[in-house]
Amino acid sequence: MNVDIQKRTSPKISRTSVFLVILGSVFFGVLLCIYPLEAANGAANGLGCCLNILIPSLFPFMVLSVFVIQSGAANYLDRPLGSFCRLIFRLPGSSAAAIFMSMIGGYPVGARCVSALLDQGEISLQQARRMLCFCINAGPAFVITAVGAGYLHSIQSGVILLISQLAACLLLGLFCRGRKKESIQPRSTSRKPVAAPGQALIHSTADAARSMCSMCCFVILFAVLISFLEIFIQNPAISAWAAAFLEVTNGCAKLSQIGIPLWIFAFFIGWGGLCVHFQILSLLRNLPMPLGKFFLFRFLHGVLCAAIAFFLCKIWPVSSETFSNVSTTPMIHVPDSPAAAVCLIVLCIIFLVGYSKHKASLK
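Quantities reported herein were computed from a predicted structural model and do not represent experimental measurements.

Next up on the list: helix α11 (residues 236-246). Those residues of α11 not exposed but buried are Ala237, Ser239, Ala240, Ala243, Ala244 and Leu246. Among the structural elements, α10 (197-232), α12 (248-255), α13 (262-271) and α14 (274-283) are those in contact with the buried residues of α11. The opening residue of α11 is Asn235, an N-cap whose side-chain oxygen sits 2.9 Å from the backbone nitrogen of Ala237.

Below, the structure is given as structure tokens:
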């Protein structure tokens, strides 16, 4: 019986996909043999990023995110923030902790909170999927400290990037809200009992350690891929854009060296990078998420972040000293038009409204 169910639920893989996977694996293996020094340097850079940025900024939040769910502390946020979640997002009050942690913890923290809520029976699978459309954000430690103060030498730039990201998060959450009132009720019949504080701390620490190990492996792997990318792409601008598309930390460091507008940083921080995406998907063992929808909303998040950051820079101009350490002439021409930003926001709103209506018509 179990074998039949597994056969029916296991996805079918086409021969073309298998061939591409084999071809990519062989190509990557050949690169490792031809360029071992570049691969080692890339892995070392990735390891340094894990030790200096990823683990110090994310590990405490990863522990806290699971602890507040399993210990029952998240239920105490139901009173001050639960009404807001039920009214704006049409989610149970217990989801307030996950939404709040996603705004301050870092990219994978929100996804781990959503997964923990689903494990505890506080939210349904449909609600978890809706939350994953907007509960994925970079933390203030990365946006303000690393990108703003570190790469751009401007706290003001970091604040603009953070505000644009959180505003885009709230807009996406508003458009992803449920339509039926009964959807805000938790699955009370399937709730797991709240663990004692000591047991919750032990479990959350062990869970965070396993998650951090998986995340660090992805960072090191993508650092190697970026080092190979730089071998074949000699243009610094194209290399920086490609690096930001793959891995946001190294990408932002490279983008800060080529002189581009701040809203481009906002887009890539909202997008998050493929490395972050794989980190998040590796944490969602019990939460199957449609990949097309996941990547689509990550792209929409980046577009909204860019448009909002563009307007914030017009209202609150960034000092010219911010980019004093980079070239004043962009190596790639980027349009700087308010009309373009308005069009991006309008197109995103039209798409989200159309998507919501289409989804409602299927029910």
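What describes two packed helices is the angle between their axes and the distance between those same axes. Two numbers describe how helix α6 (residues 107-120) lies on α14: the axes approach to 9 Å, and their chain directions differ by 20°. Here α6 is positioned roughly parallel relative to α14, judged by the angle of their axes. When you trace α6 past α14, the crossing you get is right-handed. Here Tyr107, Pro108, Ala111, Arg112 and Ser115 of α6 come into contact with α14, specifically with Val276, Gln279, Ile280 and Leu283.

What follows covers the side chain of Glu122. Among the secondary structure elements, Glu122 is positioned in the loop between α6 and α7 (125-131). Note on Glu122: relative accessible area 9%, which makes it buried. For Glu122, the side chain forms a polar contact with the side chain of Ser94, separated by 3.3 Å.

Turning to its location among the elements, Phe311 is positioned in helix α15 (residues 291-315). Measuring from C-alpha to C-alpha, the distance between Phe311 and Ser164 comes to 9.3 Å, with 147 residues separating the pair along the chain.

Before going further, it helps to spend a moment on the nonpolar core. Core analysis: the largest hydrophobic core is formed by 91 residues, its most contacted members being Ile99, Met131, Val147, Leu161, Phe265 and Ile269. No other element matches the 10 residues that α15 contributes to this core. Beyond its immediate sequence surroundings of up to four residues, Met131 is in contact with Leu91, Ser95, Ala98, Ile99, Val114, Leu117 and Ile123.

Okay, the packing of aromatic side chains next. On inspection of all chains with the given rule, the structure shows 12 aromatic pairs. Between Tyr35 and Phe232 the ring centres are 6.4 Å apart and the planes differ by 85°, which places this aromatic pair in the edge-to-face class. Of this pair, Tyr35 sits in the loop between α2 (15-34) and α3 (36-70) while Phe232 is found in helix α10, placing the two residues 197 residues apart along the sequence. Aromatic side chains Trp241 and Phe268 sit 5.8 Å apart centroid to centroid with 90° between the ring planes, which places their arrangement in the edge-to-face category. Of this pair, Trp241 sits in helix α11 while Phe268 sits in helix α13, placing them 27 residues apart in sequence. Owing to a relative accessible area of 26%, Trp241 belongs among the partly exposed residues under this scheme. Here a set of aromatic residues connected by ring pairs shows up, and it is made of Trp241, Phe267, Phe268 and Phe299.

All right, on to the environment of Leu81 then. Relative to the assigned elements, Leu81 resides in helix α4 (residues 78-89). Given the relative accessible area of 32%, Leu81 is considered partly exposed. Along the primary structure Leu81 and Ala97 are separated by 16 residues, whereas in three dimensions their C-alpha atoms are 8.5 Å apart.

Before going further, it helps to examine the confidence of the model for the protein chain. Within the protein chain, residue pLDDT values average 80, and 78% of them lie at 70 or more. Mean pLDDT in the protein chain bottoms out at helix α1 (residues 2-9), which sits at 42, and peaks at α13, which reaches 95. Across residues 1-10 the pLDDT falls below 50, and counting only partners more than four positions away or on other chains, this stretch makes 0 contacts in the model. Contacts from residues 320-343, a stretch scored under 50 in pLDDT, to residues over four places away or in other chains number 43 contacts.

As a further point, take the environment of Gly46. With respect to the element layout, Gly46 can be found in helix α3. Expressed as a C-alpha distance, the spacing of Gly46 and Val219, which sit 173 residues apart in the sequence, is 5.7 Å. Sequence-distant contacts of Gly46, that is, excluding residues within four places in its chain, are made with Val219, Ile220 and Ala223.

Attention now moves to the packing of α12 against α13. The interhelical angle for the contact between α12 and α13, taken along N-to-C directions, is 170°, at an axis separation of 10 Å. What the angle tells us is that α12 and α13 run roughly antiparallel. Contacts between α12 and α13 pair Val248, Cys252 and Leu255 from the former with Phe265, Phe268 and Ile269 from the latter. For the contact of α12 with α13, the class distribution of residues is 6 nonpolar, no polar and no charged.

Further remarks concern a nonpolar patch on the surface. Residues Val18, Ile22, Val26, Val30 and Ile34 make up a contiguous nonpolar surface patch of about 420 Å² in total accessible area. With respect to the helices, strands and loops of the structure, Ile34 is situated in helix α2.

Conventions adopted
- Residues numbered from 1 in each chain as written.
- Predicted model: local features only at pLDDT ≥ 70, side-chain atom pairs only at ≥ 80, totals over all residues.
- Heavy atoms only, no water.
- Buried < 20%, exposed > 50% of the residue type's maximum accessible area, 1.4 Å probe, protein only.
- Helix = DSSP H or I, 4+ residues; strand = E, 2+ residues; numbered from the N terminus.
- Contact = heavy atoms within 4.5 Å.
- Polar contact = N/O pair within 3.5 Å; in protein donor to acceptor, adjacent residues only side chain to side chain.
- Axes fitted to C-alpha atoms, helices over the stretch in contact; angles between N-to-C directions.
- Parallel < 35°, antiparallel > 145°, perpendicular 65-115°, else oblique.
- Left-handed = near helix turned anticlockwise from the far one by under 90°.
- Core = buried A, V, L, I, M, F, W, Y, C linked by side-chain atoms within 4.5 Å.
- Phe/Tyr/Trp six-rings, centres within 6.5 Å; stacked < 30°, edge-to-face > 60°.
- pLDDT = per-residue confidence, 0-100.
- Nonpolar A, V, L, I, M, F, W, Y, C, P; charged D, E, K, R; others polar.
- Patch = residues over 30% accessible without salt bridge, like charges linked within 9 Å, V, L, I, M, F, W, Y side chains within 5 Å.
- Areas by Shrake-Rupley, 256 points an atom, 1.4 Å probe, with all protein chains shown as cover.
- Salt bridge = Lys/Arg side-chain N within 4 Å of Asp/Glu carboxyl O.

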